[in-house]
Structure formats: structure tokens, C-alpha cells
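# Descriptive analysis of the structure
Below are the chains, spelled out letter by letter.
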Amino acid sequence: MKLGIGIVGSGSIAKIHASCILEQSNAYLCGILTRNGKRAKEFASTYKTEVFTDSSAFFAQPNLNAVCVCNESGLHGESSIRALSHGKHVLCEKPLETTLSKIDSLIQTLHKSKLKLGVVFQNRMNPAYREFKDFIQSGKLGKLLLVNTQINWYRDEDYYKSNPWRGTLELDGGAALMNQGIHTLDLLLDLMGEVSTVGALVATKTRPIEGEDLAVAHFEFQNGALGTLSAGTSLYPGFPESISVYGSKGNMVFEAGQIHSCSLPEWRPKEKPQANQANNSSKLNSIALHQSILNNFIEAIDQDKQPLVSALEARKSVALIQAIYQASKTKQIIKIETL
Ligand SMILES: NC(=O)c1ccc[n+]([C@@H]2O[C@H](COP(=O)([O-])OP(=O)(O)OC[C@H]3O[C@@H](n4cnc5c(N)ncnc54)[C@H](O)[C@@H]3O)[C@@H](O)[C@H]2O)c1
């Protein structure tokens, strides 16, 4: 039986979800819920699907099995809980929510159901990232000692002006870390395991937003390794994001979605990395990686298993970012509790 998947929200990422669903042979697009009448017409004609402005009618569709939550980050919890309460599986865009209390309410609702919830951290599906992770976890670098993470990006004034929820505490939950940097922080946690303590400074230097456009932090991981982070959306013209891992026998660098270098002869590049892929948001939004996450979600429903990025897994990057905010505010080292 084909799975009916609907979408909440009709913004930029909703289009990627709609295109991905239309490509599926085992699922079909089962309506879009929008608040924007003009977009309703555009979506109906482009994606040949019913567009709803009444949420009760959208969720009441009997053939709706799952919902992609594609609205503003600070509304993800509310929309996901609504979908679960109607018996629908959820594929939620990152971040799962902007605060831990909202995430924990959502997880409570999820655990009372037998439904699946997956979170879109599509870079986990990047084959180059998987190769990087396999190499790091093979132990060939020796004892893991240090990780330097850089997410030194740039977003111009129009980026924030054109979409007023961006950079707000209520709907974005922050800015450079909670919206952009979270992708790389999710990979960092997947690679290194959880962080136990955090010290940090965040600042808003160049944009009239409530959230941060600059951040530095230092971490201790539960595995004993140390880490540093520099991040921002104020760093003109934007630089490729990178994770550099140093072990007792050598180092390996993942940059702009590719393995950039490795000091050990055991690893050789398959193809030459492309130079200067600064601020590669097009890669982050690539349809292919979203498609892989959607495949994984549908497979999880079909085979009754956990999606690759579960709710508990997606909670970790928000917990880390909230600890960074708290460390900066209190000028204290913050401990992160493991669930
Ligand atoms: N995975 C990625 O790489 C990636 C990329 C971009 C955005 N995102 C995430 O996707 C989410 C949306 O981002 P966007 O850039 O598409 O924003 P957007 O502003 O373009 O779209 C959000 C839309 O949702 C609508 N909406 C809000 N609440 C609604 C509701 N209850 N019912 C129906 N529609 C509702 C809004 O009217 C708005 O049009 C954010 O959480 C963002 O972090 C993820």
C-alpha cells in the first residue's frame, strides 16, 4: 500500500519535501497545509495536490499516514504533537524544536504512541560523511584527542529581512547555531558521542536580530576528547564548514561535505575535493540527501524500526546549543546531562 504523506507549511523547504515525495514509488503527496492563500494556488498547480488552509480538515484526511513538518522551527513541537495525536507518523525538519522543554513534551507524546518520528539532518546521509565517520570510528587515528569545528558562514541583511521569523528567539530559537550551525553540530555529536561540559561566548555583532551571529565554544566529550567551535553568520563572505579530528596517530579533516585531507597513508582521496565550496547551503539543501532521509523514514515505518535520526538523537544538538547559550549568559562551565 502506498503511504499518504502530507506537508505542514508551504515555504522553501516544503517545496523540497513535495518534490521528494513525488519521486517516491511507495508514497504519494496527500495534501499541503498552508497559512498563505497565494502559496496555496502555487502549490496546488505545481504539485497537483490538494492544498488546505483548515488544519482540522488536513489532519482528518483518512488516507493521510504521515506528515512532514516544514514550518518555522519554534512551531515544530506543536505541529508534530498535533500530527501524532491524529495517529500520523512525523518527519520533522531540523531542529526538532528550539527548547528542551518543548522537545520533552513532544517525546512524551511520541512514546505514548506506536508511531515513528524522524528528523531531517540530511547530511548524515552524505556518503563522504559516512566514509569520514567510518574511518574515525575504525580507530586508525588512535586515541581521539581534539576536534576543531568551524562553521564560519555569512548571511546578508536581506536573508533576515526577507523572512521575519529568522533570528527571532520565539520562532528560530536563536540564529547562527540553532538554524545553520546545528547541521554540523549534529554531525559532530554523531561522530564523537555526547559532550559532557561546555564553555562558550555568543554575540550578535552585525544584524538587528535577537539570536547570535557569532559564537565560540570549548567542549569536553564523554570519551575524554576536547573540542573547539567557532561559528557565525556574520563572517563575510562565508567559509566552508569543517570538522578536524586529531588522534594520537594522525588527523582527518571533513570540509564542505567532503573528506578534505588525512595525515595517514591508509586513506587516499577517491576524487579531488572541489576548491572553495564556501557556505555550501545548496549542498545542505540538496534534494538527493532529503530524498535519502525520506526513504529512510518510509523504511522505518514499513519495517517498524527507528528512523536514522530519532527524536532522542535530535534532542542532543539542541541540548548542546542550549548549553552554549547558557554558558555564555552565565560565564560558567555548563554540564550536559545524558538522558
Ligand atoms: N534541512 C535543511 O537543510 C533545511 C533548510 C531550510 C529550512 N529548514 C527548516 O525548515 C523549516 C522551515 O524553513 P523555511 O525556510 O521553509 O521557512 P519558510 O518561512 O519559507 O516556510 C515556513 C512556512 O510555514 C508556514 N506555517 C507556519 N505554521 C503553519 C501551520 N500551522 N500550518 C501551515 N503552515 C504553517 C508559514 O506560513 C511559512 O510559509 C525551519 O525549521 C528550518 O530550520 C531546513
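Everything in this summary refers to the structure shown in the same document. (Residues numbered from 1 in each chain as written. Predicted model: local features only at pLDDT ≥ 70, side-chain atom pairs only at ≥ 80, totals over all residues. Heavy atoms only, no water.)

Attention now goes to the layout of surface pockets. Of the voids in this model, the largest pocket is the one considered here, and its volume is about 1,100 Å³. Lining the largest pocket are 41 residues; nearest its centre among them are Ile 13, Cys 70, Asn 71, Glu 72 and Trp 165. Those elements giving two or more residues to the lining of the largest pocket turn out to be α1 (12-23), α3 (55-59), α4 (76-85), α8 (176-192) and α9 (281-284). Class assignment of the residues belonging to the lining of the largest pocket gives a composition of 12 nonpolar, 20 polar and 9 charged. (1 Å grid on protein atoms, 1.4 Å probe; cavity = no way out; pocket = protein on both sides within 12 Å on 5 of 7 lines; lining within 4 Å. Points joined across faces, edges and corners; volume = space filled by probe spheres on them. Helix = DSSP H or I, 4+ residues; strand = E, 2+ residues; numbered from the N terminus. Nonpolar A, V, L, I, M, F, W, Y, C, P; charged D, E, K, R; others polar.)

Let's shift gears to the sheet that holds strand β9 (residues 214-221). Spatially, β13-β12-β11-β7-β10-β9-β8-β14 is the arrangement adopted by the 8 strands of the open sheet, whose pairing is mixed. Lying at the two open borders of the sheet, with one neighbouring strand each, are β13 (258-262) and β14 (334-335). Pairing analysis gives 8 bridges linking strand β8 (residues 195-203) to β9, with the strands arranged antiparallel. The residue of β9 that forms the bridge with Ala 200 is Ala 217. Across the sheet, helix α6 (residues 127-137) lies against β7 (144-152), β11 (242-247), β12 (250-255) and β13, angled at about 165° from β12, the strand it touches most. Lying on the sheet, α8 is in contact with β7, β8, β9, β10 (226-232), β11 and β12; it crosses β7 at an angle near 160°. (Pairing = 2+ DSSP bridges. Contact = heavy atoms within 4.5 Å. Axes fitted to C-alpha atoms, helices over the stretch in contact; angles between N-to-C directions.)

So, about the packing of α1 against helix α10 (residues 287-303). In the contact formed by α1 and α10, the axes pass within 9 Å of each other and the chain directions differ by 65°. Considering how the two elements wind past one another, α1 and α10 form a crossing that is right-handed. Across from Ile 13, Ile 16, His 17, Ser 19, Cys 20, Ile 21 and Glu 23 in α1, the residues of α10 making contact are Ile 287, His 290, Gln 291 and Leu 294. In terms of residue class, the contact of α1 with α10 is made up of 6 nonpolar, 4 polar and 1 charged. (Left-handed = near helix turned anticlockwise from the far one by under 90°.)

Turning our eyes to something else, we now look at a nonpolar patch on the surface. A cluster of nonpolar side chains, Leu 145, Leu 146, Leu 226 and Tyr 246, forms an exposed patch at the surface whose accessible area comes to about 320 Å². Topologically, Leu 146 is positioned in strand β7. Using a relative accessible area of 31% as the deciding quantity, one classes Leu 146 as partly exposed. (Patch = residues over 30% accessible without salt bridge, like charges linked within 9 Å, V, L, I, M, F, W, Y side chains within 5 Å. Areas by Shrake-Rupley, 256 points an atom, 1.4 Å probe, with all protein chains shown as cover. Salt bridge = Lys/Arg side-chain N within 4 Å of Asp/Glu carboxyl O. Buried < 20%, exposed > 50% of the residue type's maximum accessible area, 1.4 Å probe, protein only.)

Turning our attention to the nonpolar core. Soluble, globular proteins show a tendency: their nonpolar side chains are buried together. Core analysis: the biggest nonpolar cluster contains 72 residues, and Phe 132, Val 198 and Phe 219 have the highest contact counts within it. Among the elements that line this core, the one with the most residues is helix α11 (residues 311-330), at 10 residues. Counting contributing residues per domain, this core is built from domain 1 (3-123 + 288-310) and domain 2 (124-279 + 316-335), each supplying no fewer than three. Among all residues touching Val 198, those that are not within four sequence positions of it are His 218, Phe 219, Leu 320, Ala 323, Ile 324, Ala 327, Gln 332, Ile 333, Ile 334 and Ile 336. (Core = buried A, V, L, I, M, F, W, Y, C linked by side-chain atoms within 4.5 Å. Domains from an automatic or database assignment.)

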